[in-house]
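The lines below spell out each chain.
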Amino acid sequence: DCTVYFFNKPSSSGYRAPYQIDSFTIVDLPDSRLLQILISIYFSLKWKIEIMHMHGFSLAAIVASIMLRSKSILKTTLIGYDDFETWSKSTAGRLKIYFLKFVDVNVALTRRSFDINSKYSQNVVVKKIPNGINLSAVLTTEKDNIFCIVGIIHQRKRTFEAIQYFIDNYTYHGKSMLYIVGPLANDDNLDEFSDAYINQCRKLVHENQLEAKVKFTGKLPKEEVQKIYQKSMGLIFFSSAEGMPNVVLEALGNNCVPIMTDLDGDAYDIIEDDIEGFIIKEFTKSIPLGDIQKLLKSGNVYKRASHLSFQNVAAKYTQLYRQLNNG
């Protein structure tokens, strides 16, 4: 029962008047902060916007909400980047914390970020709401020895270590395969893209003569990524820093068992170790295929995903919107 408009801050293009994608109305904002504020105020008045919901800090949205006396929500995602403690240690960050007093609610993704932000919240209400996913309509419990790595191929994601883990633990099993899904060309001007690191990963595969078992797919449409999740028994996810990684949630939604690092404790917000997936602190710990197959058949992985469905997460936001409007 909410009408949603998007104010988008693209990486390259400037202002673009309202346009439609999937029945949503979107405005692309220019680089100028002053113009961002003026445009946000203009369309907020035109569309009678009552709540400004920010995914990441937006001065334009906060100023617009102050000027229009509308409610505001700030979603923060990554500890070490936009948690309030990190902000408190830099001049620009302290300015953001100052503006928190004009924000009504901060949405944090994990218990750890909730605890951190609560200490520096400037009396803003902090709530914990996870990211959401689409659930696969088909639950597949019988899968071949196929694994996947999904996301940008980068040192922070530790793609090299994830490939090495597959080599050390699963290549000797019959018909084992690893799909590495991520861009091989920087068409989207990604800050973390690295040709050198991609070549390092390719070299690892070549030196082990595993080109037949390890496939670099490049960037794929979402539908194709879903097909890989559906046929993969496991996702190998060794990132060193994340908020709440969507690739892990999407794997759960396709009954694909995550084998993941503990993300400094945040992984335990996503799965219960040995029950809904596997959390490892040392890459030397081997997860037997039999244990992965056991989880596939248990239904626990998909059951966990159901709690993270878009329907459940949207219900939490709808309740939050109503509380703000009634307040």
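Before reading further, recall that the structure is shown in the block above.
S.K.: Give me the lowdown on the pairing of strand E3 (residues 24-28), citing residues and values where you can.
M.R.: In terms of burial, E3 is largely enclosed, as four of its five residues are buried. With four bridges connecting them, strand E2 (residues 16-21) and E3 associate as antiparallel partners. Bridge pairing in E3 places Ile 21 opposite Phe 24. Connecting E2 to the next strand, E3, in antiparallel fashion are two residues, including Asp 22 with a positive phi near 50°.

S.K.: Which residues make up the sheet that holds strand E10 (residues 214-218), and what values do they have?
M.R.: Sheet strands line up and pair through hydrogen bonds in the backbone, either parallel or antiparallel. Strand order in the open sheet formed by six strands is E10-E9-E8-E11-E12-E13, and the pairing between neighbours is parallel. Edge positions in the sheet fall to E10 and strand E13 (278-279), since each has one partner strand and no second. Bridge count for strand E11 (residues 234-237) against strand E12 (residues 257-260) is four bridges, and the pairing is parallel. When the bridges of E12 are listed, Gly 234 appears paired with Val 257. Here helix H8 (residues 222-231) sits on the sheet in contact with strand E8 (146-150), strand E9 (177-181), E10 and E11, set at roughly 140° to E8. Contacts from helix H9 (residues 246-253) reach E8, E11 and E12 within the one sheet, and its direction differs from that of E11 by about 170°.

S.K.: So what's going on with the pattern of salt bridges? Which residues, and what values?
M.R.: Applying the stated criterion across every chain yields a total of eleven salt bridges. Where Asp 269 meets Arg 111, a salt bridge forms, and the shortest distance between an N and an O atom there is 3.0 Å. With Asp 269 in helix H10 (residues 267-270) and Arg 111 in helix H5 (residues 111-119), this pair connects stretches of sequence that are 158 residues apart. Using a relative accessible area of 11% as the deciding quantity, one classes Asp 269 as buried. Several salt bridges converge on common partners, so that one network encompasses Arg 156, Lys 157, Glu 192 and Glu 242.

S.K.: Give a description of the packing of aromatic side chains that names residues and reports values.
M.R.: Counting across every chain of the model gives 17 aromatic pairs. Taken together, a centroid distance of 4.9 Å and an interplanar angle of 80° make the contact between Tyr 42 and Phe 43 edge-to-face. Through pairs of rings, three or more aromatic residues link up here, namely Phe 147, Tyr 165, Phe 166, Tyr 170, Phe 238 and Phe 283. Taking the ring centre of Tyr 19 as reference, the NZ or CZ of Arg 16 above it sits at 3.6 Å. Its guanidinium or amino end placed over the ring of Phe 216, Arg 202 lies 4.8 Å from that ring's centre, counting from NZ or CZ.

S.K.: Which residues make up the side chain of Asn 169, and what values do they have?
M.R.: Here Asn 169 lies in helix H6 (residues 159-169). By relative accessible area, Asn 169 is classed as buried at 8%. One polar contact links the side chain of Asn 169 to the main-chain carbonyl oxygen of Tyr 165, over a distance of 2.8 Å.

S.K.: How would you explain the side chain of Asn 145 if you had to name every residue and give the values?
M.R.: Among the secondary structure elements, Asn 145 is positioned in the loop between strand E7 (125-128) and E8. Of note is the side chain of Asn 145, whose polar atom sits 3.1 Å from the backbone oxygen of Gly 174. The contacts of Asn 145, once residues within four sequence positions are left out, are His 173, Gly 174, Lys 175, Ser 176, Met 177, Met 233, Leu 289 and Gln 293.

S.K.: Which residues make up the packing of H6 against helix H7 (residues 195-207), and what values do they have?
M.R.: Two elements in contact, H6 and H7, have axes separated by 9 Å at closest approach and are oriented at 10°. Judged by the inter-axis angle, H6 sits roughly parallel to H7. Here H6 contributes Thr 159, Phe 160, Glu 161, Ile 163, Gln 164 and Ile 167 to the contact with H7, which in turn contributes Tyr 197, Gln 200, Cys 201, Leu 204 and Val 205. When the residues that make up the contact of H6 with H7 are grouped by side-chain class, the tally is seven nonpolar, three polar and one charged.

Rules and cut-offs
Residues numbered from 1 in each chain as written. Predicted model: local features only at pLDDT ≥ 70, side-chain atom pairs only at ≥ 80, totals over all residues. Heavy atoms only, no water. Buried < 20%, exposed > 50% of the residue type's maximum accessible area, 1.4 Å probe, protein only. Helix = DSSP H or I, 4+ residues; strand = E, 2+ residues; numbered from the N terminus. Pairing = 2+ DSSP bridges. Contact = heavy atoms within 4.5 Å. Axes fitted to C-alpha atoms, helices over the stretch in contact; angles between N-to-C directions. Salt bridge = Lys/Arg side-chain N within 4 Å of Asp/Glu carboxyl O. Phe/Tyr/Trp six-rings, centres within 6.5 Å; stacked < 30°, edge-to-face > 60°. Lys NZ or Arg CZ within 6 Å of the ring centre and 35° of its normal. Polar contact = N/O pair within 3.5 Å; in protein donor to acceptor, adjacent residues only side chain to side chain. Parallel < 35°, antiparallel > 145°, perpendicular 65-115°, else oblique. Nonpolar A, V, L, I, M, F, W, Y, C, P; charged D, E, K, R; others polar.

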